[in-house]
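The primary structure of each chain is shown beneath.
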Amino acid sequence: MTRLPYESGIKPHRYNRDTSNDKWQHIWRFTNVVMAVFFFLAGYVQLNDPDPYIWIPVYVVPAVLSLGIAVLPQLSENVVWRFLCVAHIAVCFAGVIYTTVLVIEKSLDVMVNPLQHEEGRELAGLLIVIGWLSLSRFTSLGGTNPNQGAMNGLLLLTVGLSLLPLLFWGMCFVQGLSQKLPHCTETFAV
């Protein structure tokens, strides 16, 4: 007669969960919430841009994709989610090529910080979108494989990096700093 696992003293899988993997999944979900908030805010400030019809979708699409992973982590395995992610990376990559040319044209005469120009800030935004979506799509961060020590280390690095855009943006609200930092100029112009 075959004994059930709980009759032999072994608890069923649902009671014998790997809590360390759950911890990493919660960190990954939190990081996706942080990035979703960042991308939604980045899309919102595009309302004062001369071409918001381009830049709002650039930021809202990764916000929705990140929010989807935060709510339902298994969504990253969905074919539609993966396609949208790769398609958006491709579109943003084309935008990187275009804005790189614009930034180079603007800085041919004088060497300046590219973030002083709107095109430089747009280029930085595109690179953040590409980096985040590539990380979300092409790594197994937050995955269910318990043997992923290197991925967990990468996840911790990702948490830190996801907070940087919000930190740099938050510096624009500190009185005195907003006039000195080039990335703050015209960011919140009404």
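Residues numbered from 1 in each chain as written. Predicted model: local features only at pLDDT ≥ 70, side-chain atom pairs only at ≥ 80, totals over all residues. Heavy atoms only, no water.

### As for the overall build of the protein
Along the backbone of the protein there are 6 helices and 0 strands. Along the protein, helices (α) and strands (β) appear in the sequence α-α-α-α-α-α when read from the amino end. Counting the 190 residues in the protein, one finds 36% classified as buried. Counting only carbon and sulfur atoms, one obtains 68% of the accessible surface of the protein, whose full area is about 11,800 Å². (Helix = DSSP H or I, 4+ residues; strand = E, 2+ residues; numbered from the N terminus. Buried < 20%, exposed > 50% of the residue type's maximum accessible area, 1.4 Å probe, protein only. Areas by Shrake-Rupley, 256 points an atom, 1.4 Å probe, with all protein chains shown as cover.)

### Some points on the pattern of salt bridges
Scanning all chains against the criterion turns up 1 salt bridge. A salt bridge links E77 to R82; its shortest N-O distance comes to 3.1 Å. (Salt bridge = Lys/Arg side-chain N within 4 Å of Asp/Glu carboxyl O.)

### Here's the deal with a nonpolar patch on the surface
The grouping of F40, V64, L67, V71 and L72 at the surface amounts to a nonpolar patch, some 430 Å² of accessible area in total. Mapped onto the elements of the fold, F40 is located in helix 1 (residues 19-44). Using a relative accessible area of 35% as the deciding quantity, one classes F40 as partly exposed. (Patch = residues over 30% accessible without salt bridge, like charges linked within 9 Å, V, L, I, M, F, W, Y side chains within 5 Å.)

### Re the packing of helix 2 (residues 52-71) against helix 4 (residues 118-138)
Relative placement of two packed helices is described by the angle separating their axes and the distance separating the axes. With their axes 11 Å apart at the nearest point, helix 2 and helix 4 run at an angle of 25° to one another. When the axis of helix 2 is compared with that of helix 4, the two are roughly parallel. When the axes of helix 2 and helix 4 are compared, the crossing they make is left-handed. Here helix 2 contributes W55, V58, Y59, P62, L65, S66 and I69 to the contact with helix 4, which in turn contributes E122, G125, L126, V129, W132, L133 and S136. Of the residues that constitute the contact of helix 2 with helix 4, the class distribution is 10 nonpolar, 3 polar and 1 charged. (Axes fitted to C-alpha atoms, helices over the stretch in contact; angles between N-to-C directions. Parallel < 35°, antiparallel > 145°, perpendicular 65-115°, else oblique. Left-handed = near helix turned anticlockwise from the far one by under 90°. Contact = heavy atoms within 4.5 Å. Nonpolar A, V, L, I, M, F, W, Y, C, P; charged D, E, K, R; others polar.)

### Here we look at the nonpolar core
F39, V58, Y59, V129, W132 and L133 are the most contacted members of the largest nonpolar core, which totals 24 residues. At 7 residues, the largest contribution of residues to this core is made by helix 4. Leaving out residues up to four positions away in the same chain, L133 has contacts with P62, L65, C85, H88 and I89. (Core = buried A, V, L, I, M, F, W, Y, C linked by side-chain atoms within 4.5 Å.)

### Regarding the packing of aromatic side chains
Taken as a whole and assessed by the stated rule, the structure comprises 2 aromatic pairs. Aromatic side chains F38 and F39 sit 5.4 Å apart centroid to centroid with 55° between the ring planes, which places their arrangement in the tilted category. Judged by its relative accessible area of 0%, F39 is buried. (Phe/Tyr/Trp six-rings, centres within 6.5 Å; stacked < 30°, edge-to-face > 60°.)

### Let's talk about helix 2
Relative to the 28 Å expected for 20 residues at 1.5 Å per residue, helix 2 spans 27 Å between its end C-alpha atoms, a close match to the ideal helical length. For helix 2, the full list of buried residues reads W55, V58, Y59, P62, A63, L65, S66, G68, I69 and A70. (Expected span 1.5 Å × (residues − 1).)

### Side note on the confidence of the model for the protein
In this model, the protein carries an average pLDDT of 77, and 69% of its residues clear a pLDDT of 70 or more. Across residues 10-17 the pLDDT falls below 50, and counting only partners more than four positions away or on other chains, this stretch makes 4 contacts in the model. (pLDDT = per-residue confidence, 0-100.)

### Digging into the side chain of R137
Topologically, R137 is positioned in helix 4. As a buried residue without a salt bridge, R137 has its nearest oppositely charged side chain in E77, at a separation of 7.3 Å. The residues touching R137, leaving out its near neighbours within four places in the chain, are W81, R82, C85 and V86. (Lys, Arg positive; Asp, Glu negative; His and termini not counted.)

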